[in-house]
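Below are the chains, spelled out letter by letter.
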Amino acid sequence: MAKISRTPFNASRWITSRLSTDTTITKKLTGRCFFVTATSTTNLNINFLDSGCYFKIIARENTGGDINITFPAMEGVLIADDTSTVVITNAGESGQTTLKIPSGASAGSYVDLICDGQKWYVTGMAHGVHFTQS
């Protein structure tokens, strides 16, 4: 008798959430992928440093408002194009703590975040806009 082939379940799948309002992201949510719908300015506050915490933030639709992500400290490299020029941003190079995905970013623009206990390391890509920081 032949066995029925089954696809194994991947226990390490991403846990996802949808966001569309201002949110404080806590340690308990580590490992999550956030799909953000930004029809107006959306503020995401990550106000802790804890080694090993990580998140992914993805624009679910073309953004109608800014997505502002605030950290205690950040470092990293971001690549973006606004349909005419490509810009590579050195995130946090001068002590900036807020990263902005501006209004007009294409769906799928994203930021990966991982913390070493002293700062958040950010990498990401965006289309239609350039990342800004303050």
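For the structure itself, consult the block above.
Student: Would you explain the side chain of Thr 37 in this entry?
Tutor: Within the secondary structure, Thr 37 sits in the loop between strand S3 (32-36) and strand S4 (42-45). Look past the residues within four positions of Thr 37 in its chain and what remains in contact with it is Leu 19, Ser 20, Thr 42, Arg 60 and Glu 61.

Student: Could you clarify how one ought to interpret unusual backbone geometry in this entry?
Tutor: When glycine is set aside, most residues are seen to have a negative phi, and most peptide bonds are trans. You will see that Thr 83, though not glycine, has its phi angle at about 75 degrees, which is positive. Of note, Thr 83 is situated in the loop between strand S7 (74-81) and strand S8 (86-91). Taking the relative accessible area as the measure of exposure, Thr 83 reaches 64% and is therefore exposed.

Student: Hey, could you run me through the packing of aromatic side chains in this one?
Tutor: The description of an aromatic ring pair rests on the distance of the ring centres and on the angle between the ring planes. Scanning the entire structure with this criterion turns up six aromatic pairs. With a centroid separation of 6.3 Å and 80 degrees between ring planes, the pair formed by Trp 14 and Tyr 54 is classed as edge-to-face. With Trp 14 in the segment before strand S1 (15-19) and Tyr 54 in strand S5 (residues 54-59), this pair connects stretches of sequence that are 40 residues apart. The ring of Tyr 110 is capped by Lys 56, whose NZ or CZ atom sits 4.4 Å from the centre of that ring.

Student: Got a minute to help me understand the sheet that holds strand S10 (residues 110-115) in this structure?
Tutor: On the basis of which strands lie adjacent, the open sheet formed by seven strands has the order S1-S3-S5-S10-S11-S7-S8 and mixed pairing. Each of the sheet's edge strands pairs with one partner strand only, and the pair in question is S1 and S8. For this sheet, the mean inter-axis angle between neighbouring strands, taken without regard to orientation, is 15 degrees. In this structure, S5 lies alongside S10, joined through five bridges in antiparallel fashion. Considered in S10, the bridge of Phe 55 is made with Leu 113.

Student: Any chance you could explain the pairing of S8 here in plain terms?
Tutor: Relative to S8, S7 runs antiparallel, the two sharing six bridges. Note on S8: the bridge partner recorded for Leu 78 is Thr 89. Count of turn residues in the S7/S8 antiparallel hairpin: four residues, of which Thr 83 carries a positive phi of about 75 degrees.

Student: Sorry, what's going on with the pattern of salt bridges here?
Tutor: When charged atoms on two side chains of opposite charge get close, those side chains can pair. Applying the stated criterion to the full structure yields four salt bridges. Between Lys 119 and Glu 75 there is a salt bridge whose closest N-O contact spans 3.6 Å. Taken as a pair, Lys 119 in the loop between S10 and strand S11 (120-127) and Glu 75 in strand S7 lie far apart in primary sequence, 44 residues in all. By relative accessible area, Lys 119 is classed as partly exposed at 25%. By relative accessible area, which is 26% here, Glu 75 ends up partly exposed.

Thresholds applied
- Residues numbered from 1 in each chain as written.
- Predicted model: local features only at pLDDT ≥ 70, side-chain atom pairs only at ≥ 80, totals over all residues.
- Heavy atoms only, no water.
- Helix = DSSP H or I, 4+ residues; strand = E, 2+ residues; numbered from the N terminus.
- Contact = heavy atoms within 4.5 Å.
- Buried < 20%, exposed > 50% of the residue type's maximum accessible area, 1.4 Å probe, protein only.
- Phe/Tyr/Trp six-rings, centres within 6.5 Å; stacked < 30°, edge-to-face > 60°.
- Lys NZ or Arg CZ within 6 Å of the ring centre and 35° of its normal.
- Pairing = 2+ DSSP bridges.
- Axes fitted to C-alpha atoms, helices over the stretch in contact; angles between N-to-C directions.
- Salt bridge = Lys/Arg side-chain N within 4 Å of Asp/Glu carboxyl O.

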